[in-house]
Structure formats: C-alpha cells, structure tokens
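# Results of the structural survey
What follows is the residue order along each chain.
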Amino acid sequence: GQPWLGHAFWSHGSTQSRGVAVLLHPRLAAREPSVAYCCADGRALTVRWQRGPPGAAALPMAVVAAYAPTGRSERRRFLAVDGPLAQALAAGVAGAALCLAAGDFNCVPDQRDVLGDAAANGGGRMVGSQQLGALMAARGLVDAWRSQHPWANEATHAAQHGGTASAGRIDQWWR
C-alpha cells in the first residue's frame, strides 16, 4: 500500500493490453533518469540514467523493457534487426557502460527452451526465434539465465490448447 519512492517510467499500450514499465529503486543512486526511447504502441521503453553519488564520476546506465506481440507476423517485425526492439536497444546501448534488457518476447531463443507436447517442433513458440537470435547477435546480447544454466530447461509460461500442453522460456533478461 505504500507509494513508489523511486523513479517510474511507463509506456501504455491500451486500457486492455500492452504496456511496459521501468522502476528505478531509490538506492540505485540514479541521477538524471530519462526516457531515451518509447515505442508508440507501448511495447518497448528505454530508460537511461547516470549512476553514482553526486560529485563522483558518473557511470551511464540503461534498461530496456519489452513486450513482443503475440501475433506471429507482428512479432517477427518487432524482433527484426531493424524493428522497434532494435531501436530501443540502440538507444540503451549507445554510450552506456551497462545496458540490461528484459521482457516477454513471446517466443523462445532456442528450441531447447520449449517443453511439453510442442517440444518436438517448437510450435508457435519458435515463431520469431530466428529474428530474436539475429537481434541478440547483432547487439552482442547474452541471455543471462542461459549463460548460468546452459543445460537446464525451465519454463516461464505454460499453455493448454485443447489436448496439447506446452511450455517455454519466453521471459528473459539480457546483458
């Protein structure tokens, strides 16, 4: 019930869907935080700030929040190396000592991230994976969880469609 005491930034989709937010904790010592990129449809947001106490050398930081479309063709466009997510990442990476990206990408980065009945072919969870992989390679991004757990299989989302159940790791952190 307490109000948020740190910085808060958000990009609205609609009252029914979409939208991302970035919250910076007060102890983060974020100086001059600002929005560097905001996707018009509420799917990507980049916030930049200087980290460090006043009077000390500032360390430029950035974070990107993303929510990829569920529609297959829209997802491919969003994740393309010249799409909205790439623009948000470019705004974060430029001159930043550290840029983190997090979000719901609505697809898996790799076939091994699909579990359940759809694991054999990946089903719809693989749609956008090629674009996602190309974007990560182009920006030099590393899947933080996968780098720590190279052989593990854990899902962040599960779905049941009729008699078919599947799960996948569609929510990720990159560095």
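Note: the structure precedes this text.
This section reports on the structure supplied with the text. Quick caveat, the model's predicted, so the values are computed rather than measured. (Residues numbered from 1 in each chain as written. Predicted model: local features only at pLDDT ≥ 70, side-chain atom pairs only at ≥ 80, totals over all residues. Heavy atoms only, no water.)

### A word on the side chain of D113
To be explicit about the condition: For the purposes of this entry, the term helix denotes a DSSP run of H or I that reaches at least four residues, the term strand denotes a run of E that reaches at least two, and both are numbered from the N terminus. Each residue gets one of three labels from its accessible area relative to the maximum for its type: buried under 20%, exposed over 50%, partly exposed in between, using a 1.4 Å probe on protein chains only. Should any heavy atoms of two residues lie within 4.5 Å, those residues are considered in contact.
Tracing the sequence through the fold places D113 in the loop between strand 6 (98-104) and strand 7 (114-116). D113 sits in the buried class, given a relative accessible area of 2%. Every residue in contact with D113, bar those within four places of it in the chain, is listed here: V108, R146, A167, G168 and R169.

### Description of the pattern of salt bridges
Pairing of side chains with opposite charge becomes possible as their charged atoms draw close. Cut-off, in case you're wondering: The term salt bridge refers to a pairing of a side-chain nitrogen on Lys or Arg with a carboxyl oxygen on Asp or Glu at a separation within 4 Å.
Per the counting criterion, the structure on display carries five salt bridges. The residue R146 makes a salt bridge to D113 at a minimum N-O spacing of 2.3 Å. Residue R146 is located in helix 4 (residues 144-148), and its partner D113 is located in the loop between strand 6 and strand 7; the two are separated by 33 residues in the primary sequence. Each of the two residues, R146 as well as D113, counts as buried.

### Some remarks on helix 2 (residues 84-93)
Taken residue by residue, helix 2 has L85, A86, A88, L89, A91 and G92 as its buried positions. Looking one or two residues beyond helix 2, the residue adopting positive phi is G95, at roughly 75°.

### Some remarks on the sheet that holds strand 10 (residues 171-174)
Inclusion rule: Only strands that DSSP links by at least two bridges are regarded as paired with each other. To define axes, lines are fitted to C-alpha atoms, for helices over the stretch in contact only, and angles between the resulting N-to-C directions are given on a 0 to 180 degree scale.
Taken together, five strands build an open sheet; the order of strands is 3-4-5-6-10 and the sheet is mixed. Sheet topology places strand 3 (30-38) and strand 10 at the edges, where each strand pairs with a single neighbour. Averaged over all adjacent pairs, the angle separating strand axes in this sheet is 15°, with direction ignored. As judged from the four bridges shared by strand 6 and strand 10, these two strands associate in the antiparallel manner. Within the sheet, the bridge partner assigned to A101 lies in strand 10 and is W174.

### Examining the nonpolar core
The line we're drawing: The term nonpolar core refers to a set of buried residues drawn from Ala, Val, Leu, Ile, Met, Phe, Trp, Tyr and Cys, joined through side-chain atoms within 4.5 Å.
Ranked by size, the top nonpolar core spans 23 residues in total, and within it L85, L89 and W174 carry the most contacts. If you list the elements that add at least two residues to this core, you get strand 5 (59-67), helix 1 (72-79), helix 2, strand 6 and helix 3 (129-139). When residues of this core are assigned to their parent elements, the largest contribution, five residues, is made by helix 2. In this structure, W174 is in contact with L85, L89, C99, L100, A101, F105, L132, M136, L141, V142, D143 and A144, ignoring residues within four places of it in sequence. Grouped together as the second largest cluster of nonpolar side chains are eleven residues, A30, L45, M61 and V63 included.

### Digging into helix 1
Formally: In this context, the arc is that of the directions from the helix axis out to the C-beta atoms.
Where helix 1 is concerned, the buried positions are R75, F78 and L79. Projection of helix 1 onto a plane perpendicular to its axis shows the buried side chains occupying an angular sector of 85°, all on one side. Buried residues in helix 1 make contact with strand 4 (44-51), strand 5, helix 2 and helix 3.

### Describing the environment of T156
Residue placement: T156 occurs in the loop between helix 4 and strand 8 (157-161). Along the sequence, T156 and G95 sit 61 residues apart, while their C-alpha atoms lie 32 Å from each other. Excluding residues that lie within four positions of it along the chain, T156 makes contacts with G168, R169, I170 and D171.

### A look at the side chain of D143
Convention followed: The term polar contact refers here to a pair of N or O atoms within 3.5 Å; inside protein, the definition further demands a hydrogen-donor-capable atom paired with an acceptor-capable atom, and it admits residues adjacent in sequence only when both atoms are side-chain atoms.
Checked against the element boundaries, D143 lands in the loop between helix 3 and helix 4. Residue D143 is classed as buried on the basis of its relative accessible area, which comes to 8%. Side-chain polar atoms of D143 contact the side chain of R169, separated by 2.5 Å. Filtering out sequence-adjacent residues up to four positions away, D143 remains in contact with P109, M136, R169, W173 and W174.

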